[in-house]
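Given next are the chains, with one letter for each unit.
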Amino acid sequence: MMGDTQRFTLRFYLSGLSRILSEPRRFFSELPPDMGMVPPLIFLMLSGLVFTGASLMTAVQNPLMSAVILFVNAVGMAFVTSGVGYGVMVLTVGRRVSYTRFFTIYAFSSGVTILASWLPVFLWISEPWKWWLIGTGMTRSLDLKRSQALGIIGLSVGILMLFLWIILPLLTSL
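None of these values were measured; they are calculated from a predicted model.

Participant: Please explain the nonpolar core as it appears in this structure.
Facilitator: Across soluble globular proteins, nonpolar side chains show a tendency to be buried alongside one another. If you look at the biggest cluster of nonpolar residues, it comprises 29 residues, and the most contacted ones within it are Phe102, Phe108 and Met138. Among the elements of the structure, α1 (10-22), α2 (24-29), α4 (63-93), α5 (99-113), α6 (123-141) and α7 (146-172) are those that each provide at least two residues to this core. Considering each element in turn, this core owes the most residues, five residues, to α5. Among all residues touching Phe102, those that are not within four sequence positions of it are Ser82, Gly85, Tyr86, Met89, Val97, Met138, Leu142 and Ile152. Residues Phe51, Ala74, Ala78 and Phe103 belong to the second largest nonpolar core, which totals eight residues.

Participant: I would appreciate a short explanation of the layout of surface pockets in the present structure.
Facilitator: Regions of empty space are outlined by a rolling probe, equal in size to a water molecule, passed over the atoms. The volume enclosed by the largest pocket comes to roughly 880 Å³. Forming the walls of the largest pocket are 27 residues, and the residues nearest its centre are Asn73, Met77, Leu123, Glu127 and Lys130. Breaking the lining of the largest pocket down by element, the ones donating at least two residues are α3 (38-55), α4, α5, α6 and α7. Taken together, the residues of the lining of the largest pocket sort by class into 18 nonpolar, seven polar and two charged. Computed from the structure, the second largest pocket encloses a volume of approximately 230 Å³. Forming the walls of the second largest pocket are Arg25, Trp131, Trp132, Gly135, Thr136, Thr139, Arg140, Arg146, Ala149, Leu150 and Ile153. Broken down by secondary-structure element, the contributors of at least two residues to the lining of the second largest pocket are α6 and α7.

How each quantity is defined
Residues numbered from 1 in each chain as written. Predicted model: local features only at pLDDT ≥ 70, side-chain atom pairs only at ≥ 80, totals over all residues. Heavy atoms only, no water. Core = buried A, V, L, I, M, F, W, Y, C linked by side-chain atoms within 4.5 Å. Buried < 20%, exposed > 50% of the residue type's maximum accessible area, 1.4 Å probe, protein only. Helix = DSSP H or I, 4+ residues; strand = E, 2+ residues; numbered from the N terminus. Contact = heavy atoms within 4.5 Å. 1 Å grid on protein atoms, 1.4 Å probe; cavity = no way out; pocket = protein on both sides within 12 Å on 5 of 7 lines; lining within 4 Å. Points joined across faces, edges and corners; volume = space filled by probe spheres on them. Nonpolar A, V, L, I, M, F, W, Y, C, P; charged D, E, K, R; others polar.

So this is what it looks like as structure tokens:
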């Protein structure tokens with residue numbers, strides 16, 4: 001599946017999706033270290049487009065603006081969460097891999113889970129599932145110990161929640 005790491009095809013997308021869903025541990029174990037950022041980013045963006053299209057079925061006003069917001073949020077959160085996670089990893093266990101390699105795990109994990117998260121009820125399932133996939137990717141692809149992966153995820157989620165707790169009142173007062 002991962003033979004040519006710089007090419008992205010629909011077959012690559014569907015194969016990756018299938019393998020993450022059926023055997024995530026093996027998928028992350030077999031990720032090539034030189035994959036680069038392009039294939040995982042396109043994987044995430046394609047899933048983001050599907051998520052956006054599905055989410056628009058419930059949009060009542062201004063579908064174009066809603067589409068832009070939904071898509072930017074879907075793709076952007078993978079960058080935000082991976083950036084925070086990478087910072088936590090560097091500060092706690094030392095820099096072990098490049099950000100590109102780290103982002104790859106977040107992009108594939110988010111790309112799979114956002115396909116289900118357009119339904120509000122599935123958010124309660126897809127969000128923990130995404131973090132489980134990220135933890136699996138960290139242990140299988142980055143050779144981190146389970147405790148290190150859990151620590152990185154726990155601190156990352158804590159930082160993100162603290163950030164949202166601080167920023168939401170500011171945004172609602174605008």
